[in-house]
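# A look at the structure
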Amino acid sequence: MKKLALLRYIFLFVQVCFLAQISNAQTRHWSEDGNSYFIAEKNSILKFSLPENSPSTFVPSEWLQTPDNSTLTIRDFSFSEDGKKVLIYTNTKRVWRLDTQGDYWVLDLETKKLQQAGKGLPESSLRFAKLSPDVTRIAYVSEFNLYVENLATGEITQLTHDGNRKLINGTFDWAYEEEFACRDGFQWSPDGEKISFWQIDANQIRDFYMINNIDSVYSQIIPVEYPKVGQSPSPAKIGVIDLNDKGITWLNIPGDPQQHYLPRMEWNNPDLLLVQQLNRKQNHSKIYAVDVPNNLAKVIFEEQDEAWIDVLSNWENVYALTYRHELKWINDGKEFLWFSEKDGWRHLYRIGLDGKSTEITTGDYDVINLLHFDEKGNRIYFHASPENATQKYLYSTSIDGKGEAELLSPSDLKGTHNYEISPSGMYAFHQFQNHFTRPSSEWISLPNHQPLDPSRSIEKNLSANQRESQLEFFKVKTADGAEMDGWMVKPNDFDPSKKYPVVFYVYTEPWGANVKDTYGVGRNRLYEGDMAEDGYIYVSIDNRGTPAPKGRAWRKSIYRKIGRLNISDQAEAAKQILEWDFVDPDRVAVWGWSGGGSATLNLLFQFPEIYKTGISIAAVANQLTYDNIYQERYMGLPQENLEDFIAGSPITHAKNLQGNLLYIHGTTDDNVHYANADMLVNELIKHGKLFQFMPYPNRSHSISEGEGTNMHLRKLYTDYLKKHCPPGAK
């Protein structure tokens with residue numbers, strides 16, 4: 001029986017991974033009219049025409065043969081503004097999280113000519129290549145400098161000459177990329193006569209040294225420019241290059257660059273740039289309209305928050321390869337769309353260049369993200385879930401701010417809906433799932449939300465995609481009235497008269513929520529086998545401060561309280577769960593990764609009477625070791641409230657360890673540095689605490705590199721859990 005359960009689990013796990021890979025690989029690129037879309041299939045590009053959704057080969061593989069008779073493998077592609085050329089991205093390399101460095105080729109769809117951009121520059125060194133609006137040139141970054149190339153002659157002109165690892169042109173340092181999703185650091189002006197770009201000066205930022213001890217008999221040092229919490233930001237400035245004389249104008253934006261961030265930039269017209277400036281505490285945002293010819297900057301919109309202002313949301317797909325926060329212009333460029341929480345909920349506003357703002361969406365709900373706007377039709381489409389924070393639906397309202405939000409998703413399909421809407425607004429790719437329905441999809445028409453092919457609709461095939469699920473959702477209230485969502489998977493053959501061990505899965509910080517009505521949500525990917533079959537209760541709870549669509553007060557209540565409010569919320573919920581008759585209070589385990597690893601340590605140390613076993617992976621043991629953008633956003637400045645950082649750090653409470661701890665960290669983790677492990681291990685030794693420690697050499701934050709790593713980690717995790725929190729009923 002257990003063997004069958006294991007095989008079923010492996011099958012489902014592989015299936016979910018496969019679906020994720022397919023979703024990632026098949027990025028849709030829409031035609032300008034929105035009546036067709038394009039998808040890369042390894043060495044070719046397919047075109048799908050709507051409403052039939054019929055495929056045809058648009059770029060065959062033979063068009064992508066290089067002079068050495070190899071065929072390009074497409075990682076991504078884009079079209080020129082006139083639709084006559086395709087820019088192919090290939091031969092990529094990873095930079096921090098994503099493979100944003102590689103080679104670019106330009107295919108002329110009329111002549112079938114294929115030419116490589118940046119010929120003569122180092123292989124796989126180009127970043128963020130973009131064709132000019134008139135399609136005569138291409139610009140890109142290579143080794144921290146900007147270049148422009150004439151497509152007709154192949155002449156390459158270097159536009160900046162001072163770039164290096166510490167002075168970064170046209171892209172960003174680790175912190176800007178990780179915390180603001182800033183990767184692509186330059187833009188063509190609308191007339192193609194200028195290029196604006198960021199320059200990040202990391203010369204004053206100390207390097208953190210990671211050590212590679214396994215690829216040589218002598219250790220190798222890997223430096224990362226990494227601004228720790230409490231350090232001033234890397235000064236950022238924005239330059240505009242005039243391509244006629246190659247001169248650079250540095251924008252005159254007021255304020256000390258060591259006390260501000262510049263996370264967003266967007267052209268409005270050839271003479272006007274909009275730049276967002278955020279103070280170091282990230283609670284005061286200003287949008288400057290910069291008159292480029294006269295180099296004059298004027299504030300047109302600003303807002304403040306007692307906690308922080310989100311530049312981006314975890315509801316956005318910020319880890320997509322091509323993610324860029326673009327302003328959505330309306331009213332002939334006189335206004336743009338903007339999110340704000342200033343009325344207590346995340347709502348959409350129209351912001352004018354004259355500073356006037358109009359709220360478009362209103363009510364006691366959060367707009368999760370904007371999907372599409374149709375200015376002529378006076379409609380916008382967005383995701384929201386006013387009634388259930390674990391779910392997501394499609395809504396629509398008028399763009400003039402005078403309408404009421406209208407639910408468009410089928411009301412009988414309870415769960416999580418995702419939509420990708422065509423530029424015309426006529427069609428959408430609709431995906432639906434919940435905890436007992438596999439991700440299923442259909443093409444629909446809008447605004448009537450009707451399937452293009454009724455025989456292949458989600459509702460027509462719903463029963464075939466549904467699976468029996470033992471997961472159930474529940475709610476827990478804190479003593480002060482906060483209601484937290486949770487899910488629970490009970491053991492197979494559950495007997496309420498018996499007692500079972502409980503395993504809590506936690507994250508708890510402002511960048512992630514666990515309790516979502518999605519398929520596979522209650523599975524533990526690190527457990528070898530089937531937890532329900534083996535006799536565990538598996539539980540997860542979203543505390544206050546997690547990014548659930550429950551309003552500003554819910555999300556920002558954790559300000560300056562990471563390591564305290566989230567931990568007390570989790571512990572209070574656990575105490576209530578331990579009162580359930582079928583829970584064994586002597587077999588209680590908790591585990592998490594990254595912020596969840598930190599929470600695991602804090603729960604184990606601060607509430608040893610509750611949590612008997614903990615498995616912590618890649619944890620921030622000391623909040624003073626993490627980067628300034630993330631930690632200062634949610635905790636303030638340590639120069640002003642150091643006591644909050646200390647009180648919320650697991651290392652402060654390590655002396656209280658009573659239970660069983662398995663502590664895991666990759667030695668070349670560029671995100672949460674391995675120094676956290678050394679500091680915590682040293683503190684535990686100081687207090688005579690016994691625990692198990694597993695460093696993974698040369699592994700990053702994901703602990704995914706190296707042969708056999710995943711299987712080793714799963715076996716280590718499972719064996720430890722079974723030994724110290726034995727499964728089964730009593």
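In this text the structure is predicted, and so the values were computed from the model without any measurement. (Residues numbered from 1 in each chain as written. Predicted model: local features only at pLDDT ≥ 70, side-chain atom pairs only at ≥ 80, totals over all residues. Heavy atoms only, no water.)

Moving on: the UniProt feature "domain: Peptidase S9 prolyl oligopeptidase catalytic" (unreviewed entry) in the chain. The residues that UniProt annotates with the feature "domain: Peptidase S9 prolyl oligopeptidase catalytic" (unreviewed entry) are residues 531–724. Within residues 531–724, the helical portion is 44% and the strand portion 18%, while the C-alpha atoms at the span's ends are 15 Å from each other. (UniProt positions renumbered as here; feature names shortened; annotations may be inferred. Helix = DSSP H or I, 4+ residues; strand = E, 2+ residues; numbered from the N terminus.)

Time to look at the sheet that holds strand β37 (residues 483–489). In spatial order, the strands read β36-β37-β39-β38-β40-β41-β42-β43; together these 8 strands make up an open sheet with mixed pairing. At either end of the open sheet lies a strand with only one pairing partner, and these are β36 (471–477) and β43 (692–696). Put simply, the sheet's adjacent strands are angled 20° from each other on average, direction ignored. Pairing analysis gives 5 bridges linking strand β38 (residues 500–505) to strand β40 (residues 583–593), with the strands arranged parallel. By the bridge assignment for β40, Tyr505 is matched with Trp591. (Pairing = 2+ DSSP bridges. Axes fitted to C-alpha atoms, helices over the stretch in contact; angles between N-to-C directions.)

The subject of this paragraph is the packing of helix α6 (residues 565–578) against helix α7 (residues 595–606). One way to put it is that α6 packs onto α7 with a least axis distance of 10 Å and a crossing angle of 65°. The interaxial crossing formed by α6 with α7 has right-handed handedness. Only Ala599, Asn602, Leu603 and Gln606 of α7 make contact with α6, whose side of the interface consists of Ile567, Gln570 and Ala571. (Left-handed = near helix turned anticlockwise from the far one by under 90°. Contact = heavy atoms within 4.5 Å.)

We now examine the nonpolar core. Grouped together as the largest cluster of nonpolar side chains are 45 residues, with contacts concentrated most on Tyr176, Phe180, Leu251, Leu262 and Leu273. Looking at this core, the elements with two or more residues in it are α2 (174–180), β15 (194–201), β16 (207–212), β18 (236–242), β20 (260–269), β21 (272–279), β22 (284–291) and α8 (628–635). Counting residues domain by domain, this core receives three or more from each of domain 2 (159–326) and domain 4 (471–724). Once residues lying within four places of it in the same chain are set aside, the contact partners of Leu273 are Ser196, Val240, Leu251, Met265, Glu266, Trp267, Tyr288, Ala289, Val290 and Val292. Val476, Phe504, Phe582 and Phe605 belong to the second-largest nonpolar core, a separate cluster that totals 44 residues. (Core = buried A, V, L, I, M, F, W, Y, C linked by side-chain atoms within 4.5 Å. Buried < 20%, exposed > 50% of the residue type's maximum accessible area, 1.4 Å probe, protein only. Domains from an automatic or database assignment.)

This part is about the pairing of strand β7 (residues 98–108). Judged by how many residues are buried, β7 sits mostly within the fold: 11 of 11 residues are covered. Across 8 bridges, the pairing between strand β6 (residues 85–95) and β7 is antiparallel. Among the inter-strand pairings, Lys85 is bridged to a residue of β7, identified as Asp108. What sits between β6 and β7 in their antiparallel hairpin is a turn of 2 residues, with Trp96 showing a positive phi close to 55°. As paired elements, β7 and strand β8 (residues 114–116) share 3 bridges and run antiparallel to each other. By the bridge assignment, Leu107 is partnered in β8 with Leu114. A loop of 5 residues connects β7 with β8, the two strands running antiparallel in sequence, and Lys112 in this loop sits at a positive phi of about 70°.

Below, the discussion takes up the sheet that holds β22. Reading across from one edge, β20-β21-β22-β23 is the order of the 4 strands in this open sheet, with antiparallel pairing throughout. One side of each edge strand has no neighbouring strand; the edge strands of this open sheet are β20 and β23 (296–304). Between one strand and the next, the sheet's axes are offset by a mean angle of 20°, whatever the strand orientation. In this structure, β21 lies alongside β22, joined through 7 bridges in antiparallel fashion. Paired with Leu273 across the two strands is Val290, which belongs to β22.

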